[in-house]
2 protein chains.
Amino acid sequence: LNSKEIKDIEAIFARLPGLGPRSARRVILHLLKKKETLMRPLSNAIKDTLDLVKNCDYCGNFDTLNPCNICSNPDRDKSVICVVENVADLWALERTGTFLGTYHVLGGLLDALDGIGPEELYINRLITRANSENVNEIILATSTTVPGQTTAHYIAECLKDSKVIVTGLAHGMPMGGELDYMDEGTIGHAIRARKSIF
Amino acid sequence: LNSKEIKDIEAIFARLPGLGPRSARRVILHLLKKKETLMRPLSNAIKDTLDLVKNCDYCGNFDTLNPCNICSNPDRDKSVICVVENVADLWALERTGTFLGTYHVLGGLLDALDGIGPEELYINRLITRANSENVNEIILATSTTVPGQTTAHYIAECLKDSKVIVTGLAHGMPMGGELDYMDEGTIGHAIRARKSIF
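Residues numbered from 1 in each chain as written. Chains lettered and ligands numbered in written order. Predicted model: local features only at pLDDT ≥ 70, side-chain atom pairs only at ≥ 80, totals over all residues. Heavy atoms only, no water.

A. Highlighting the packing of aromatic side chains. All names here are of chain A. One pass over the full model with this rule turns up two aromatic pairs over all chains. Centre to centre, the rings of F99 and Y103 are 5.2 Å apart; their planes meet at 65°, and the pair counts as edge-to-face. Owing to a relative accessible area of 0%, Y103 belongs among the buried residues under this scheme. (Phe/Tyr/Trp six-rings, centres within 6.5 Å; stacked < 30°, edge-to-face > 60°. Buried < 20%, exposed > 50% of the residue type's maximum accessible area, 1.4 Å probe, protein only.)

As structure tokens, then:
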């Protein structure tokens, strides 16, 4: 029915996360309606990003700089490395504005079923960084899922003989979370790890 | 935090229909992860579409051809024109494979509140087509909303003195629709317009 070009762009948009064939068509029609104000800027932005944005050789973050703006920032504390699964998690931590150290992106989590072993992740590079640089602390900030905790455990084991302190994120009730809606694991942990207020 | 390029592309993706800042970030990280297999094809497809896809001078459809593949197809019945609000509706009708005439895209609906009068839509072009070509029937397929019906009514008035037959889509229960979930207007129309089965 439609021309090859429209079919091609539909098929590619439908492969983006959160989009299907229907929403892909909606996006394309919207772009075609706003060719100069939206489609051309998008085309240029994708081209620029494609050409300029690369993985940081140190931490794995995406940036136009290499080392990235975090690794090359003299105000960031290079002695603390926060280990995250992916760049999305790194950006989520950055948005809080509370962490002033540096990061290390693993590029995934250990998963025996999917055949993802330590060699598939940037774990060796992390161990090298931990041992060669003036690193005092490694914060393991992988998610609290089975693969996340397996990965954290594996990395902690690798770092057992090094001089760095290995820490993890605090667990407990999320801010604004209601007891009634929270899972038993979280509530159980929160009550066992309760803290004195006075 | 992030480089200008990443912020720019995030802002543009967030303006696409159905995407917000959060899903825009997700899409961009996905694209950056799959630079060669997804981001470069997307970049090329957008560039091609931007350069090659234009509005058909006859019906307003988007296509690389002008007249479009429908208007230039000798098998399509040029004596029947189906009038639709936008290209999305045209494509929706084409997907059914049941209509073998041609189309006319209005580019919107009459809306006094939004200041959209007949001059803002391709209504004059439709009247010219209806009178100059060998057209027998105009099907008004605008939606069954107030602006849709107002627009259909206005066009029908314009065509009152021409020789063409003006028709509208059938109304009633959608296929697979359950009575209990349908609005009163649809059920009321369906019972009044009931048809003999035997």
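B. Spotlight on the environment of M173(B). All names here are of chain B. Along the chain, the position of M173 falls in the loop between strand 6 (165–168) and helix 7 (184–192). According to the relative accessible area criterion, M173 is partly exposed, its value standing at 28%. Along the primary structure M173 and K47 are separated by 126 residues, whereas in three dimensions their C-alpha atoms are 43 Å apart. The contacts of M173, once residues within four sequence positions are left out, are E178, L179, M182, T186, I187 and A190. (Helix = DSSP H or I, 4+ residues; strand = E, 2+ residues; numbered from the N terminus. Contact = heavy atoms within 4.5 Å.)

C. Geometry of the relation of the copies chain A and chain B. Superposing chain A onto chain B requires a rotation of 180° together with a translation of 0.1 Å along the rotation axis, leaving an RMSD of 0.1 Å. The symmetry that links the two subunits is that of a two-fold axis. Proximity to the rotation axis, assessed at the C-alpha, singles out S43(A) in chain A; its C-alpha lies 3.1 Å from the axis. A share of 100% of the interface residues of chain A reappears at the interface of chain B, consistent with the copies meeting face to face through the same patch. (Least-squares fit on C-alpha atoms with pLDDT ≥ 70 in both.)

D. Broad picture of the sheet that holds strand 4 (residues 101–105) of chain A. Residues and elements named next belong to chain A. Spatial ordering of the open sheet is given by 4-3-5-6, a layout of four strands whose pairing is parallel. Of all the strands in the sheet, the pair left with one neighbour each is strand 4 and strand 6 (165–168). Each strand of the sheet is rotated relative to its neighbour by a mean of 25°, with strand direction disregarded. As paired strands, strand 3 (residues 77–84) and strand 5 (residues 137–140) are joined by four bridges and run parallel to one another. The residue of strand 5 that forms the bridge with V83 is L140. Helix-sheet contacts for helix 4 (residues 87–96) involve strand 3 and strand 4, and the interaxial angle to strand 4 is about 160°. Sheet contacts for helix 5 (residues 123–132): strand 3, strand 4 and strand 5; angle to strand 4, the most-contacted strand, approximately 155°. (Pairing = 2+ DSSP bridges. Axes fitted to C-alpha atoms, helices over the stretch in contact; angles between N-to-C directions.)

E. The nonpolar core, seen in detail. F13(A) and F13(B) are the most contacted members of the largest nonpolar core, which totals 72 residues. Ignoring any residue separated from it by four or fewer positions in sequence, one finds F13(A) in contact with L19(A), A24(A), V27(A), I28(A), L31(A), L42(A), L16(B), L42(B) and I46(B). (Core = buried A, V, L, I, M, F, W, Y, C linked by side-chain atoms within 4.5 Å.)

F. Looking closely at helix 6 (residues 146–158) of chain A. All names here are of chain A. Over its 13 residues, helix 6 extends 18 Å from the first C-alpha to the last, a length consistent with the 18 Å expected when each residue adds 1.5 Å. Those residues of helix 6 that fall on the buried side of the exposure criterion are G148, T151, A152 and I155. All buried residues of helix 6 project into a common sector of 100° when viewed along the axis, lining one side. Facing away from the buried side of helix 6 by more than 90 degrees, the exposed set consists of V146 and H153. Those residues of helix 6 that are buried are in contact with strand 3, helix 5 and strand 5. Two to three positions downstream of the cap, the backbone nitrogen of G148 sits 3.2 Å from a side-chain oxygen, assigning the N-cap of helix 6 to T145. (Expected span 1.5 Å × (residues − 1). Arc of directions from axis to C-beta. Polar contact = N/O pair within 3.5 Å; in protein donor to acceptor, adjacent residues only side chain to side chain.)

G. Structural detail: the interface of chain A and chain B. Across the contact, 48 residues belong to chain A and 48 residues belong to chain B. Between chain A and chain B, roughly 5,000 Å² of surface is buried when both sides are summed, and carbon and sulfur atoms account for 72% of that area. Seen at the junction of chain A and chain B, the total is zero salt bridges. Ranked by residue count, the leading element in the side of chain A that touches chain B is helix 3 (residues 35–52) of chain A, at 15 residues. (Buried area = accessible area lost by both parts, 1.4 Å probe. Salt bridge = Lys/Arg side-chain N within 4 Å of Asp/Glu carboxyl O.)

H. Main features of the sheet that holds strand 6 of chain B. Residues and elements named next belong to chain B. Here we have four strands laid out as an open sheet, ordered 4-3-5-6, and parallel in their pairing. The two strands at the open ends of the sheet, each matched to only one other strand, are strand 4 (101–105) and strand 6. Strand-to-strand, the axes of this sheet are offset by a mean angle of 25°, without reference to chain direction. The sheet contact formed by strand 3 (residues 77–84) and strand 4 spans five bridges and is parallel. When the bridges of strand 4 are listed, I81 appears paired with T102. Its contacts with the sheet put helix 4 (residues 87–96) on strand 3 and strand 4, and the angle it makes with strand 4 is roughly 160°.

I. Representation of the environment of T98(A) in the model. Residue and element names in this part refer to chain A. Structurally, T98 is set in the loop between helix 4 and strand 4. Overall, T98 belongs to the exposed group, its relative accessible area being 66%. At 2.8 Å, the side chain of T98 forms a polar contact with the side chain of T96.

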